[in-house]
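# Descriptive analysis of the structure
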Amino acid sequence: MISLKSKREIEIMREAAQRLKIVFEELKRFIKPAMTTLEIDAKAERLIQAQKAKPAFKGYRGYPACICTSMNEEVVHGIPSKRRLNEGDLLSLDIGLIYEGYVSDAARTWSIGQASEEALELMEVTRRALYVGMSQMKLGARIGDLSHKIQDYVESHGFSVIRDFVGHGIGRAMHEDPQVPNFGKPGHGPKLEAGLVLAIEPMVAAGSWEVDILDDAWTVVTRDRQLAAHYEDTIVLTEHGPENLTGSQECEENVNYQVSMV
Ligand code: MF3
Ligand code: CO
């Protein structure tokens, strides 16, 4: 069942998203080479609490940490650990918080210092794929229209979209209907209406889309161990079109995929 949000609910979700944006901004300044992903997790938890919010992932289906930190060939659901960040690593941060009973969910992929040309293109295509999807959020369009455009865009750049994990509706629960695949057929799936809030989250692999799950039962890696990237935003469809609640100008216009080395 798809739950459409009222103006009042959207107002709260806007506020939740605003708080999540601040968490990302502060983390981007905090992250440095040689840090462990556990240190990032601890910082994220403090930042979320400072926003009067709660981490949405902690304890979700037994998930053991506050955020997901997926590196290089890890696609999503990487568990923070004592692993240290090295220059050239790709780090995908996926963070969800609950504020006043509503969930906001977003992900970014950054490089630690200089990334390879391929990695930079992968991050750029993944971020743009999210905006390609958002541009299809029109009243009366269908989920399949959005899914298809994301897939088409990603594959036209020689990359592939992950099939085993999808985006989702979001609101009081982190995962609501409808599912939002990053692949699909135009004209298929549920119709988009005003008040629909979606977490669109392209997960893009440099090589094949096939994945494995590691023995920790969470970490999703590409089967060919090539790089992957992940972008996610919480986006509402209003009568006036889509509004990216977790997007920021920095993200849309002046993208810096690199965390600073100093
Ligand atoms: N953004 C991810 C999702 O929508 C994060 C979930 S991680 C989990 O599925 F640990 F909470 F499952
Ligand atoms: Co999500």
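Analysis parameters
- Residues numbered from 1 in each chain as written.
- Chains lettered and ligands numbered in written order.
- Predicted model: local features only at pLDDT ≥ 70, side-chain atom pairs only at ≥ 80, totals over all residues.
- Heavy atoms only, no water.
- Helix = DSSP H or I, 4+ residues; strand = E, 2+ residues; numbered from the N terminus.
- Rg over C-alpha atoms; globule rule 2.2 N^0.38 Å.
- Buried < 20%, exposed > 50% of the residue type's maximum accessible area, 1.4 Å probe, protein only.
- Contact = heavy atoms within 4.5 Å.
- Areas by Shrake-Rupley, 256 points an atom, 1.4 Å probe, with all protein chains shown as cover.
- Lys, Arg positive; Asp, Glu negative; His and termini not counted.
- Salt bridge = Lys/Arg side-chain N within 4 Å of Asp/Glu carboxyl O.
- Phe/Tyr/Trp six-rings, centres within 6.5 Å; stacked < 30°, edge-to-face > 60°.
- Lys NZ or Arg CZ within 6 Å of the ring centre and 35° of its normal.

Each helix and strand in the chain was counted, giving five helices and 16 strands. Here the C-alpha atoms of the chain give a radius of gyration of 17 Å, agreeing with the 18 Å that 2.2 N^0.38 yields for 262 residues. In terms of overall dimensions, the chain has a C-alpha envelope of 45 × 40 × 35 Å along the principal axes. Per-residue burial over the chain gives 55% buried out of 262 residues. Of the contacts made within the chain by residues no fewer than 6 positions apart, 72% connect residues no fewer than 24 positions apart. Counting every atom, the chain has about 11,300 Å² of accessible surface; 49% of that belongs to carbon and sulfur.

Okay, the side chain of Thr-234 next. Note that Thr-234 resides in strand 14 (residues 233–238). Those residues in contact with Thr-234 that sit more than four places away from it in its chain are Met-13, Ser-104, Asp-105, Ile-170, Val-197, Leu-198, Ala-199, Glu-243, Asn-244, Leu-245 and Thr-246.

We now examine the side chain of Glu-232. With respect to the helices and strands, Glu-232 occurs in the loop between strand 13 (228–230) and strand 14. An unpaired buried charge is present at Glu-232: no salt bridge exists, and Arg-108, the closest side chain of opposite charge, is 7.9 Å distant. Dropping the residues within four chain positions of it, Glu-232 is found in contact with Asp-94, Asp-105, Ala-106, Ala-107, Arg-108, Leu-130, His-168, Ala-199, Ile-200, Glu-201 and Thr-246.

A word on the environment of Pro-55. Relative to the helices and strands, Pro-55 resides in strand 1 (residues 54–55). With 143 residues separating them along the chain, Pro-55 and Leu-198 place their C-alpha atoms 19 Å apart. Those residues in contact with Pro-55 that lie beyond four places of it in its chain are Glu-45, Ile-48, Cys-66, Gly-96 and Ile-98.

Moving on: the packing of aromatic side chains. Applying the stated criterion across every chain yields a total of three aromatic pairs. Summarising the aromatic geometry, the rings of Phe-24 and Trp-110 are spaced 6.3 Å apart at their centres and angled 90 degrees between planes, so their arrangement reads as edge-to-face. Here the residue Phe-24 occupies a position in helix 1 (residues 7–30), and Trp-110 occupies one in strand 5 (residues 102–112), the gap between them amounting to 86 residues. Residue Trp-110 is classed as buried on the basis of its relative accessible area, which comes to 5%. A ring pair is formed by Tyr-231 and Tyr-257, whose centres lie 6.4 Å apart and whose planes are at 90 degrees; its orientation type is edge-to-face. With a gap of 26 residues between them, Tyr-231 in the loop between strand 13 and strand 14 and Tyr-257 in the loop between helix 5 (249–252) and strand 16 (258–259) connect regions that are remote in the sequence. Each member of the pair, Tyr-231 as well as Tyr-257, carries the same accessibility label: buried. Across from the ring centre of Phe-24, 5.5 Å away, lies the NZ or CZ of Arg-108, which sits over that ring. One Lys or Arg, Arg-163, reaches over the ring of Phe-183 and ends 5.6 Å from the middle of that ring.

Note that all results are geometric; they support no functional claim without further evidence.
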